[in-house]
Amino acid sequence: MKMETHFAESRLRGVSTGTTILAATFDGGVVIGSDSRASVGGEYVSSKTINKVIQVHDRIFCCMAGSLADAQAVTKAAKFHLSFHSVQMETPPLVISAASVLKNLCYQNKEELQAGFITAGWDKKKGSQVYVVSLGGMLISQPVTIAGSGSTYIYGYVDAKYRPNMSREECLQFATNAVALAIGRDNVSGGVAHLVAITEEGVEHVVVPGDKLPQFHDE
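Residues numbered from 1 in each chain as written. Predicted model: local features only at pLDDT ≥ 70, side-chain atom pairs only at ≥ 80, totals over all residues. Heavy atoms only, no water.

Looking at the overall build of the protein
Then, number 1: Summing up its helical and strand segments, the protein has 5 helices and 12 strands in all.
Then, number 2: Counting the 219 residues in the protein, one finds 47% classified as buried.
Then, number 3: A fraction of 63% describes how many contacts in the protein between residues 6 or more apart in sequence connect residues 24 or more apart.
Then, number 4: A total of about 11500 Å² of accessible surface is found on the protein, and carbon and sulfur atoms cover 52% of it. (Helix = DSSP H or I, 4+ residues; strand = E, 2+ residues; numbered from the N terminus. Buried < 20%, exposed > 50% of the residue type's maximum accessible area, 1.4 Å probe, protein only. Contact = heavy atoms within 4.5 Å. Areas by Shrake-Rupley, 256 points an atom, 1.4 Å probe, with all protein chains shown as cover.)

With respect to the confidence of the model for the protein
Then, number 1: Confidence in the prediction of the protein, expressed as mean pLDDT, is 88, and 88% of residues score 70 or more.
Then, number 2: Between residues 1–16, whose pLDDT stays under 50, and residues either more than four places distant or in other chains, the model counts 8 contacts. (pLDDT = per-residue confidence, 0-100.)

Quick word on the pairing of strand β8 (residues 127–133)
Then, number 1: For β8, a buried count of 6 out of 7 residues is recorded, marking the element as mostly surrounded by other parts of the structure.
Then, number 2: Counted between consecutive antiparallel strands, the loop separating strand β7 (residues 115–123) from β8 contains 3 residues.
Then, number 3: Bridge count between β8 and strand β9 (residues 139–141): 3 bridges; the pairing is antiparallel. Within β9, the residue paired with Val 133 across the bridge is Leu 139.
Then, number 4: Between β8 and β9, which pair antiparallel and follow one another directly, the connecting turn spans 5 residues, one of which, Gly 137, has a positive phi of 105°. (Pairing = 2+ DSSP bridges.)

Some points on the packing of aromatic side chains
Then, number 1: Scanning all chains against the criterion turns up 3 aromatic pairs.
Then, number 2: Seen from their ring centres, Tyr 157 and Phe 174 are 5.7 Å apart, and the 15° between their planes marks the pair as stacked. Placement of Tyr 157 in helix α4 (residues 155–161) and of Phe 174 in helix α5 (residues 168–185) is noted, with a sequence separation of 17 residues between them.
Then, number 3: You can call Tyr 157 buried: its relative accessible area is 18%.
Then, number 4: On the basis of relative accessibility, which here comes to 4%, the residue Phe 174 falls in the buried class.
Then, number 5: Measuring from ring centre to ring centre gives 5.8 Å for Tyr 162 and Phe 174, while their planes differ by 55°; the resulting arrangement is tilted. Separated by 12 residues along the polypeptide, Tyr 162 in the loop between α4 and α5 and Phe 174 in helix α5 bring together distant segments of the chain. Accessibility classification places Tyr 162 together with Phe 174 in one group, the buried group. (Phe/Tyr/Trp six-rings, centres within 6.5 Å; stacked < 30°, edge-to-face > 60°.)

Now the structure itself:
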């Protein structure tokens, strides 16, 4: 197939992207995580080691889904806005402020962007929080959320296993299991599991290699 023909057909079908991202609150904090596979048009794996969990401020992170280029451009702009806001206010930004910045950027550019986000973090006003910013710029607060192509395979697991007052260790295991289940079923999710636990005390990064992820069926 000629490149021009393939490009034209891709424009007609729309961009097919794949990922698994999630965030969940626990007693005293929040865990946010993702897989690490990046695909081109849902057909070619361009990278197995993309970190989709982006730090936008000290205790605020977001996960990207959709077009990687669009998502990286939005998070770069959000980092600038939040850094400037922090200097002006002489205090760290609230998690809802970070989510609102992402929401505004997505809404103002909704005709050009194909990217959605999960924002999670901890602040002194409301503690641990999770927000979803959809493709068109809608903002929703939830205690636990999943997104991306791999999320369709784990709604049942999340509904059955999530508890709002889990310990940090339980929540990390919950997130690891959820990503592993999605990777096992979704052909455009894969690689390693990137997880970040955020609490008042600080931030901990956890990377679970693909061969160390739990298996729930023969693959």
